[in-house]
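Chain residues, written in single-letter form:
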Amino acid sequence: MVSRPPESSVLSSRQRALVVHPARKAERRGEGAADSLPVTAVRLPEARLAEAIGLAQAIDLDIVLAEAVPVPRPRPATLLGKGAVERLADAIADAEITLAVIDSPLTPVQQRNLEKAWGCKVIDRTGLILEIFGARARTREGTLQVELAALSYQRSRLVRSWTHLERQRGGFGFLGGPGETQIEADRRMIGDRIVKLERELDDVKRTRDLHRKARRRVPYPIVALVGYTNAGKSTLFNTITRAEVMAKDMLFATLDPTMRTLDLPSGRKVILSDTVGFISDLPHELVAAFRATLEEVLEADVVVHVRDISHPDSEAQAADVEAVLRELGLEEMVDNGLVEGLNKIDLLDAERREEVFNQAQRHSARLPFSAVTGEGVPALLAELDRRLGQGRAMIDVSLSLTDGASIAWLYRHGEVVARRDDQSHAYLRVKLEAADVRRFQQRQASARPLS
């Protein structure tokens, strides 16, 4: 039975859409199994369907019908079974649907066959995510990256129609119609544009490298927030930095990375980076295109994995995020343990809340908090302080009380753990980064490392 999603404030002028999640056998059993539908973590089909609806609503589609369709064995021609295709064709006609979203990768042939059978536009999961990214990118870098990913995806979907050489839609601009450019000319133009975009992104990457080198000279440690989309990274970012990054209960509310300085409880300054959210089955085109943006994570001294602990698929989402981090080359950081921020504890019932806190007590790197209420956030900041302080050296310093500039420098760049003053001198015990120890020793010959 085709189901209607919960009522929402949709406008009749918006494009009417059907969302279909092809539910493989392993999903229906709740087990893992190998078949030809690619998945990174098995979860309930109802949860996957709800996520697909959220993705479609993120670009303001009017979701008229939604269904998880069992797929015992994917059909090469249409992915879905013949009976499901015919049944959905009737539902699409009755509901006057103009767009169908399939929550799975489709081959160009499958996409074309479903469009002919249903008489409406059809896009797959990759195309939908690319469309969202295209609508949300704000900076020039983000726009270039999305266009590069979309063209790389689109180039693979140039197929011969029955009556004419036409271009099958990719995820970037699929709402605008098929176009009628010859395949060979399309390929050449797309290829030329890809080369130009890659060249421009190389320039962006060089600029980013210069910015990183400038930050290293400061030098402030970098803390990166990563996590599944809608886990609450931007809300946490706003809470602890008092920034105004867009934060909504919506998948992929923000795309472009944002960086702010943050004062930790010890007085240590860090650079906090809010990165794009991850998602299951993230298109490889996007992982490659956004590698330059995600390199901020590679440069981070500490990575905080923000999780929506109230979500029923929180564990599967965590596995998806870790899979992408490994793909980026962060195997060692993942294996050694990320800081896990268990967000949205304010949405838990009493029993689940107690369970989460009991688990956190057994794992020091797991920190429950609520980015909305602020509960648990001080403990998270304290853990960041502790982690960053592990690589600090302790020095004893004796300074004249008249040397206020040097005393202020130590408070600004290090953590003063003890201080004693007499009539003429201040005696301080300070934790400093190795680079700052060398800088201070150049300033003051009185600094000596503890033995």
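Conventions adopted
Residues numbered from 1 in each chain as written. Predicted model: local features only at pLDDT ≥ 70, side-chain atom pairs only at ≥ 80, totals over all residues. Heavy atoms only, no water. UniProt positions renumbered as here; feature names shortened; annotations may be inferred. Pairing = 2+ DSSP bridges. Helix = DSSP H or I, 4+ residues; strand = E, 2+ residues; numbered from the N terminus. Axes fitted to C-alpha atoms, helices over the stretch in contact; angles between N-to-C directions. Contact = heavy atoms within 4.5 Å. Salt bridge = Lys/Arg side-chain N within 4 Å of Asp/Glu carboxyl O. Buried < 20%, exposed > 50% of the residue type's maximum accessible area, 1.4 Å probe, protein only.

For the protein, an unreviewed UniProt entry supplies the name GTPase HflX and the organism Magnetospirillum molischianum DSM 120. Taken verbatim from the UniProt record of the protein, the Cofactor (unreviewed entry) comment is "Mg(2+)".

Draft legend 1. Highlighting the sheet that holds strand β6 (residues 258–263). Overall, mixed pairing links the six strands, which are arranged β6-β7-β5-β8-β9-β10 in an open sheet. Of all strands in the sheet, those bounded by a partner on one side alone are β6 and β10 (366–368). Taking the axes of each pair of neighbouring strands and ignoring which way they run, one obtains an average angle of 25 degrees across the sheet. Two strands pair when backbone bridges link them, and β6 and strand β7 (residues 269–274) are joined in this way by six bridges, in the antiparallel orientation. Bridged to D263 within β7 is K269. The sheet contacts of helix α14 (residues 377–389) involve β5 (222–227), β6, β7, β8 (302–308), β9 (339–343) and β10, and relative to β8 the element is tilted by about 155 degrees.

Draft legend 2. Quick peek at the side chain of E147. Position of E147 relative to the elements: it lies in helix α6 (residues 140–155). For E147, the residues in contact, after removing those within four places along its chain, are R193 and L197.

Draft legend 3. Quick peek at the pattern of salt bridges. Enumeration according to the criterion identifies 17 salt bridges in this entry. Note that R193 is salt-bridged to E147, the shortest N-O span being 2.9 Å. Residue R193 is located in helix α7 (residues 183–217), and its partner E147 is located in helix α6; the two are separated by 46 residues in the primary sequence. On the basis of relative accessibility, which here comes to 18%, the residue E147 falls in the buried class. The residue E375 makes a salt bridge to R353 at a minimum N-O spacing of 2.3 Å. Of this pair, E375 sits in the loop between β10 and α14 while R353 sits in helix α13 (residues 350–362); the two residues are 22 residues apart in sequence, bridging distant segments of the chain. Residue class for R353 comes out partly exposed when judged on its relative accessible area of 26%. Each of R307, E315, E340 and R366 takes part in one network of salt bridges that share partners.

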